[in-house]
Amino acid sequence: MRIFRIAQEGARALASNKLRTFFMMAGTIVGIAALTVIMAIGKGAEKKVMKRVNNFGIRAIMVTAGGGKGMSPPQEAITTLRLEDLEAIRNQISGIEVLTPGVMKRGTPIKAGASQTQATVFAVEPEWYDAWDWYIQSGDPISAEDVSTMGRTCNLGTSLTRTLFGDTSPIGEYIQIGNTRFLVKGVLGGKGTSPMGTDIDDRVLIPLTTGMRRLLNQDYISYIRVKVKDPKDLTEIGDKIREILHERHHITPPQEDDFAIVTAADVAKMARGISGTLTYLLAALAGLSLLVGGIVLMNILLISVGERKKEIGLRRALGATQGDIFRQFLMESLSVTIAGMVAGSLLGWVASVVLARVTQSPVVVSWEPFALALGFALIVGVFFGVQPARRAARLRPVEALR
Amino acid sequence: MIELQGIEKTYESGEVRTAVLKEISFRVEDGEHVAIMGASGTGKSTLMNILGCLDKPSAGHYRLDETDMVNLDDDALSHLRNHKIGFVFQQFHLLDRATALRNAMLPLIYAGEYPADAHQRGEKALAAVGLADRMTYKPSQLSGGQQQRVAIARALITNPAILLADEPTGNLDSRSGAEVMAIFQRLHRDGRTIIVVTHDRAVAEHANRIIVLKDGTVAEDQPVAHPRDAEAEAIALAEKEVTQ
């Protein structure tokens, strides 16, 4: 193939002047490296976001007692969130799959035989398991009957089980929460630590009625957990719940809410917010490097066309057509950007791995940045190579040989 | 066969028109060894460029084996240069970073089909000019005479009809010059058409015919009764070097 041999001529020209070739490549290397790092960070951040959203529940809305922004836990001193609010939501909003109340009490003393500890007690209804997509790994869940009879039964989280019973099965055993004895019916599956670092397996579930009347003697709840049918409706349903609660709690903005609503969409937005700025910054750097690199490449090529007039004239005399000369110079430009892309990708890949180690944040290296880099390399190579190549091709052989 | 008919070349810069070649007509038959002579400024470089299809005349016709190059486009002229014309320049014009072999093979890149035996052809061409043992040398490792011989090998590799040499001895010492001219005479004996452009009568007298240009016209067109023997001159010069 003639084009192949012409490309070879271009490659030889590049190989013969390595320093110049390096300068031609530098911008592409930096640009592509930055691009690779951005995409690795972006992917890593997205993975983190997805993990958070998954932990939260992709179709979930949390209505917690107490104001405040973000994902702060319910404030136990707030007494305004009630089961009537939940009923109002159930009656007025469609598109909800699961709706369940909960009461939570942190730092409750718990005993089992000689073992004693503190854990968070959750008073729940049987819908709790579906609402959280969190199920029993052994034994039985809290049933509707447990709730209606104010049963003294409970489920333990894995951490609490280990603390109280070690490796032996707690099912059928009794524990003491406060001053009340509860039968352990089941053990929850393990979830590990939350993104905030708290051990969410250090918990005990009891029936809602038992918790509200027998244990805590309160008529308010800590939170309402909502699971919508279609994640597209998250924001809309969240807004409707806010309206209902504003009305029921007689709150008119800018008066502060006595509750907080967080949807899965909010969680994703919050998680993305942090990494977004950095990504834009790096993207700007990558774009700038590619642009500057391209301009440098073009100028060095233009100078090289001037320096190599004799070579061009000679090639023309020996039978090279204008097209042959054009292709040779374009190939030189493309080889530079493609080689720069390979070097830049490797550099970016190494930088991503190092960055992952240093920042302890997830960085995902995938094939996409390499494909994108190749695309950019071709675009930069052609865009900034055409002008010098055209100039070289248009040299009149007589003048070039002079 | 080369035929020039009423070739003119004028350059225009602004209002000023300069006629460099006026009404040049001559024929060169296949297998001739012709020298084109003239002082600088007589238009011999311009004529050489036209003969080499590097430049087009302003008027007139130039037939190369029945093809009138005046009607050809740039690509066709490139093809013609590749196939029919072998160039030898005063400054050699070799690629500095390529070996002698790669320099000699360079025109093959631009020959429509890249020959499978390109390497053998390159080696054969270099052997024909006495550089069989210098294939892998770069130009900087070769003497001027050797560099010019690489250039001749390059000119011959596509087996062109005409060898066109522009002051081929201009940058060489007299012995190397004589050796180069000896190669031309040998090629001439083998039937190749050779046109040498020079300002030096001694060089021109190696040819069988001398065309003298003056003020852009043919002033003289004479056969050379007894061309000088470059081979003998080269041997004599070599002996002189030894005795000195």
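Up top is the structure.
Predicted, not measured: the structure shown is a model, and the values here were computed from it.

Draft legend 1. How the structure looks around the overall build of chain A. What chain A contains, in helices and strands, is 13 helices and ten strands. Here the C-alpha atoms of chain A give a radius of gyration of 33 Å, more than 25% beyond the 21 Å that 2.2 N^0.38 yields for 402 residues. Its C-alpha atoms put chain A at 105 × 50 × 30 Å along the principal axes. The buried share among the 402 residues of chain A stands at 42%. Sequence-distant contacts, at least 24 apart, represent 83% of the contacts inside chain A between residues at least 6 apart.

Draft legend 2. The arrangement of the packing of helix α11 (residues 322-359) of chain A against helix α12 (residues 368-394) of chain A in detail. All names here are of chain A. Running from amino to carboxyl end, α11 crosses α12 at an angle of 150°, the nearest separation of the two axes being 7 Å. One element, α11, and the other, α12, form an angle in the roughly antiparallel class. The handedness of the crossing between α11 and α12 is right-handed. Its residues assigned to classes, the contact of α11 with α12 comprises 21 nonpolar, eight polar and two charged.

Draft legend 3. Structural context of the interface of chain A and chain B. On the side of chain B, 20 residues touch chain A, which itself brings 18 residues to the contact. Of the residues contributing to the side of chain A that touches chain B, the split by class is seven nonpolar, four polar and seven charged.

Draft legend 4. View of the sheet that holds strand β4 (residues 59-64) of chain B. Residue and element names in this part refer to chain B. The strand order β2-β1-β4-β5 describes an open sheet built from four strands, whose pairing is antiparallel. The sheet is open, and its two edges are formed by β2 (16-28) and β5 (67-68), each paired on a single side. By the bridge criterion, nine bridges tie strand β1 (residues 2-13) to β2 in an arrangement that is antiparallel. By the bridge assignment, Tyr11 is partnered in β2 with Thr18. Along the sheet face, helix α1 (residues 44-51) touches β1, β2 and β4 and points at about 60° away from the line of β2.

Draft legend 5. Focus on the nonpolar core. With 117 residues, the main nonpolar core has Ile36, Ala104, Ala153, Leu164, Ile195 and Val196 of chain B as its most contacted residues. No other element matches the 14 residues that helix α2 (residues 18-56) of chain A contributes to this core. Leaving out residues up to four positions away in the same chain, Ile36 of chain B has contacts with Lys44, Leu47, Ile195, Val197, Ile211 and Leu213 of chain B. In this structure, Val63, Val121, Ala131 and Ala271 of chain A belong to the second largest nonpolar core, which totals 54 residues.

Draft legend 6. The arrangement of helix α10 (residues 309-317) of chain A in detail. The element α10 of chain A is extensively covered by neighbouring structure, given that seven of its nine residues are classed as buried. Directly after α10 of chain A, the chain includes Gly319 of chain A, whose backbone phi takes a positive value near 120°.

Draft legend 7. Spatial organisation of the environment of Val204 of chain A. All names here are of chain A. Its place among the elements puts Val204 in strand β8 (residues 203-207). On the basis of neighbour counts, which here come to 24 C-beta atoms within 10 Å, the residue Val204 falls in the buried class. Here the alpha-carbon distance between Val204 and Glu173, two residues 31 residues apart in the chain, equals 14 Å. The contact partners of Val204, leaving out residues within four places of it in the chain, are Ile110, Ala119, Val121, Cys154, Leu156, Gly157, Leu160 and Ile177.

Draft legend 8. Up close: the sheet that holds strand β9 (residues 209-214) of chain B. Residues and elements named next belong to chain B. Spatial ordering of the open sheet is given by β6-β7-β8-β3-β9-β10, a layout of six strands whose pairing is mixed. Edge strands, defined here as strands with exactly one partner in the open sheet, are β6 (85-88) and β10 (217-223). Taking the axes of each pair of neighbouring strands and ignoring which way they run, one obtains an average angle of 20° across the sheet. As defined by bridge partners, β9 adjoins β10 across six bridges and the pair is classed as antiparallel. Residue Leu213 lies in a different strand from β10, and its bridge partner there is Val218. Contacts between helix α6 (residues 174-189) and the sheet are confined to β3 (33-37), β7 (162-166) and β8 (193-198), with β8 contributing the most and set at about 150° to the helix.

Draft legend 9. Up close: helix α6 (residues 158-165) of chain A. Inspection of α6 of chain A places Ser159, Leu160, Thr161 and Leu164 of chain A among the buried residues, and these make up the whole buried set. Directly after α6 of chain A, the chain includes Gly166 of chain A, whose backbone phi takes a positive value near 65°.

What counts as what
- Residues numbered from 1 in each chain as written.
- Chains lettered and ligands numbered in written order.
- Predicted model: local features only at pLDDT ≥ 70, side-chain atom pairs only at ≥ 80, totals over all residues.
- Helix = DSSP H or I, 4+ residues; strand = E, 2+ residues; numbered from the N terminus.
- Rg over C-alpha atoms; globule rule 2.2 N^0.38 Å.
- Buried ≥ 20, exposed ≤ 12 C-beta atoms within 10 Å, placed from the backbone.
- Contact = placed C-beta atoms within 7 Å.
- Axes fitted to C-alpha atoms, helices over the stretch in contact; angles between N-to-C directions.
- Parallel < 35°, antiparallel > 145°, perpendicular 65-115°, else oblique.
- Left-handed = near helix turned anticlockwise from the far one by under 90°.
- Nonpolar A, V, L, I, M, F, W, Y, C, P; charged D, E, K, R; others polar.
- Pairing = 2+ DSSP bridges.
- Core = buried A, V, L, I, M, F, W, Y, C linked by C-beta atoms within 7 Å.

Function cannot be read off these values alone, since they describe shape.
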